[in-house]
Amino acid sequence: MTHAPAGIDRRACAALDAADPLASFRSRFDLPEGVVYLDGNSLGALPRDTPAFVQHVMREEWGVGLIRSWNDAGWFAKPTDLGDRLAPIIGAAPGETVIAESTSTSLFQAAAAAARLRPKRRVIVAERGNFPTDLYMLESVQELMGGGTALERRLIADDGPTLADVLDEDVAVVVLTHVDYRTGRMHDMAEVTRQVHEAGAVVVWDLCHSVGAVPVDLNAAGADLAVGCTYKYLNGGPGSPSFIWVAERHQAAVRPPLTGWHGHAKPFDFTVDYAPAPGITRFRIGTPQLLSAAGLEASLRMWAEVDMARIRKKSLALTDLFIDLVDTRLADRFGAEVVTPREHHRRGSQVSLRVDGGYPIMQALIERGVIGDFRAPDLIRFGFTPLYTSFTDVWDAVVRLEDILTTGVWREAHFERRGEVT
Ligand SMILES: *Cc1c(COP(=O)(O)O)cnc(C)c1O
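Computed from a predicted model, the values in this text were never measured in an experiment. (Residues numbered from 1 in each chain as written. Predicted model: local features only at pLDDT ≥ 70, side-chain atom pairs only at ≥ 80, totals over all residues. Heavy atoms only, no water.)

A.B. asks: Could you clarify how one ought to interpret the site of the ligand in this entry?
C.D. replies: In the neighbourhood of the ligand, 13 residues make up the surrounding shell, with T103, S104, D134, Y231 and K232 lying closest. One of the side-chain N or O atoms of T103 is found 2.9 Å from an oxygen atom in the ligand. Contacts to the ligand include K232, whose side-chain N or O atom sits 2.6 Å from an oxygen atom. Here the ligand loses 87% of its free accessible area of 390 Å² to cover by the protein chains. Elements with a minimum of two residues in the shell around the ligand: α5 (103–116) and α6 (132–145). (Near = heavy atom within 4 Å. Polar contact = N/O pair within 3.5 Å; in protein donor to acceptor, adjacent residues only side chain to side chain. Areas by Shrake-Rupley, 256 points an atom, 1.4 Å probe, with all protein chains shown as cover. Helix = DSSP H or I, 4+ residues; strand = E, 2+ residues; numbered from the N terminus.)

A.B. asks: I tried to follow the packing of helix α11 (residues 308–334) against helix α13 (residues 391–407) on my own but got confused; where do I start?
C.D. replies: Between two packed helices, the angle of one axis relative to the other and the distance separating the axes together describe the packing. The contact between α11 and α13 brings their axes to 10 Å, and the two run at 20°. The orientation of α11 relative to α13 falls into the category roughly parallel. α13 is crossed by α11, and the crossing has right-handed handedness. Residue-level inspection shows K314, A317, L318, L321, F322, L325, R329, L330, R333 and F334 of α11 in contact with α13, the latter providing F391, V394, W395, V398, V399, L401, E402, L405 and T406. When the residues that make up the contact of α11 with α13 are grouped by side-chain class, the tally is 14 nonpolar, one polar and four charged. (Axes fitted to C-alpha atoms, helices over the stretch in contact; angles between N-to-C directions. Parallel < 35°, antiparallel > 145°, perpendicular 65-115°, else oblique. Left-handed = near helix turned anticlockwise from the far one by under 90°. Contact = heavy atoms within 4.5 Å. Nonpolar A, V, L, I, M, F, W, Y, C, P; charged D, E, K, R; others polar.)

A.B. asks: How should the UniProt feature "binding site: pyridoxal 5'-phosphate" (unreviewed entry) in the chain be read in this particular structure?
C.D. replies: Sites flagged by UniProt as "binding site: pyridoxal 5'-phosphate" (unreviewed entry) map to T103, S104, F131, P132, T133, D134, T177, D206, H209, Y231, W261 and T287. Sequence-wise these annotated residues cover 185 residues; spatially they are dispersed, their C-alpha atoms as much as 30.6 Å apart. Residue placement: S104 occurs in helix α5. Here S104 is in contact with T133 and M137, once residues within four sequence places are set aside. Position of T177 among the secondary structure elements: in strand β5 (residues 171–177). With near-sequence residues (within four places) excluded, T177 lies in contact with E127, N130, D134, R185, H187 and D206. (UniProt positions renumbered as here; feature names shortened; annotations may be inferred.)

A.B. asks: Please clarify how empty space enclosed by the protein should be interpreted in this entry.
C.D. replies: Unoccupied space between atoms shows up once a probe the size of one water molecule is rolled over them. This model, assessed by the stated rule, comprises two cavities of 30 Å³ or more. Approximately 100 Å³ is the volume attributed to the largest cavity. For the largest cavity, the lining is made up of 15 residues, of which P79, I99, A100, P288 and Q289 are closest to its centre. Broken down by secondary-structure element, the contributors of at least two residues to the lining of the largest cavity are α4 (78–90) and α10 (290–303). (1 Å grid on protein atoms, 1.4 Å probe; cavity = no way out; pocket = protein on both sides within 12 Å on 5 of 7 lines; lining within 4 Å. Points joined across faces, edges and corners; volume = space filled by probe spheres on them.)

A.B. asks: In this structure, what is going on with the UniProt feature "modified residue: N6-(pyridoxal phosphate)lysine" (unreviewed entry) in the chain? I would like to understand it.
C.D. replies: When the UniProt feature table is mapped to this numbering, "modified residue: N6-(pyridoxal phosphate)lysine" (unreviewed entry) covers K232. Its place among the elements puts K232 in the loop between β7 (225–228) and β8 (243–246). With relative accessibility at 7%, the residue K232 sits in the buried group. The contact partners of K232, leaving out residues within four places of it in the chain, are G40, N41, S42, L43, G44, C208 and H209. (Buried < 20%, exposed > 50% of the residue type's maximum accessible area, 1.4 Å probe, protein only.)

A.B. asks: For this particular structure, what's the right way to read the side chain of H178?
C.D. replies: Tracing the chain through its elements places H178 in the loop between β5 and α8 (189–198). Residue class for H178 comes out buried when judged on its relative accessible area of 4%.

A.B. asks: Would you take a moment to explain the sheet that holds strand β2 (residues 97–99) for this structure?
C.D. replies: Ordered by their spatial adjacency, seven strands build an open sheet running β2-β8-β7-β6-β5-β3-β4, and the pairing between neighbours is mixed. Every other strand in the sheet has two partners, leaving β2 and β4 (152–156) as the edge strands with one partner each. Adjacent strand axes in the sheet meet at a mean angle of 20°, parallel and antiparallel pairs treated alike. Pairing of β5 with strand β6 (residues 202–206), which is carried by five bridges, proceeds in the parallel orientation. Looking across to β6, one finds that V174 is bridged to V203. (Pairing = 2+ DSSP bridges.)

A.B. asks: Quick question: what am I supposed to make of the nonpolar core here?
C.D. replies: When a protein is soluble and globular, its nonpolar side chains tend to lie buried together. Residues I90 and W303 are the most contacted members of the largest nonpolar core, which totals 54 residues. Looking at which domains feed residues into this core, each of domain 1 (10–47 + 307–416) and domain 2 (76–303) supplies at least three. If near-sequence neighbours (up to four positions away) are discounted, I90 is found in contact with T97, L207, V211, V216, D217, L218, F243 and W245. One finds V351, Y359, M362 and F374 within the second-largest nonpolar core, a separate group that totals 37 residues. (Core = buried A, V, L, I, M, F, W, Y, C linked by side-chain atoms within 4.5 Å. Domains from an automatic or database assignment.)

A.B. asks: What am I meant to see in the pattern of salt bridges here?
C.D. replies: Close approach of charged atoms lets side chains of opposite charge pair. Per the stated rule, a full pass over the model turns up 26 salt bridges. For D180, the salt bridge goes to R185, with nearest N and O atoms at 4.0 Å. R185 carries the same exposure label as D180, and that label is buried. Linked by salt bridges that have partners in common, K78, R85, E297 and R301 make up one network. (Salt bridge = Lys/Arg side-chain N within 4 Å of Asp/Glu carboxyl O.)

Structural data, given as structure tokens:
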């Protein structure tokens, strides 16, 4: 593990920024002056080129092109075109990825399709600590794919039971989130995939907190199916579409449960019966959300210039620095505990702290211009997005947090008030 040098100060952070090969990307984002934005793991910042691109789609493609744009502006092929643009970021080959609806729907599509690949097996394995929508969607998969009696669910957790504890010849599908949304803990994708395959099951990876955050190589890991969202580290914008990836070797056999006309082999024949399109296209459902897709397209054009190895190197340096500063300045005095794994190979691109008063502390911090978030029951979360987060940002965030804890300003009653979204 590399450590930030002891006694680092703001000036040393500025020197790290000056030597940062990704530093120029910060000017490609429209961030408000004075804000330290450490919530790009929930909603990525706005790329400067996005508004003009979205406006072009609205004014020219929609306003002028009208219905002709389905052909002339490539609207019909947009989901697979954008899937192919996204592919290099997740280690996918062309023709393996499609842009879809929300992550929740995509998780349902992928998990049910995966369960159908193992029709004689009756167990789905998931994680107790996963983002709840994944578990909620799996409840429906269990009920609908069970043929009368619901499939059994087995839950694993970081503190047990382990995957080895629950895997046997009854398991059809294992659904795992690569990087945990609460703690930032990362699974070893290749090793876990190998373990799942050894038991004869298939694995669905949720990449919501991985895509654009850490290097992902689905094909090198031998993975089966994956889903993820594009409004977090990829900066596609609020509500930008999710994606589904299916390994080429499964594409002929795989049957998604939602069979809409855009996934049909010949949608414009308007036939009575469903016939799946070849390849990943069968995972399409209906008319794609093209205006949301425009935000994603603008962002992916920028991502085409990004080297994920550089992202990872800087992400680890930023999170190491943050962890070191918390350890040296906040741990003993205020009992702030880093719950994110310290080993690099187990860490995504966020750091979570357990601290008494987490919710009002985060509200006080946001009022001071450092935006992170709170996850029940007791964690404050900081996402580090190497394209637009600087080492000086990390310094400023910890110093402002230290000040809030020292003065106790966070105990003021109004910081307890909760909005609908925390
Ligand atoms: C962010 C996130 C989601 C979001 O689902 P939506 O349908 O896009 O709201 C789902 N799963 C995980 C693991 C996430 O981190």
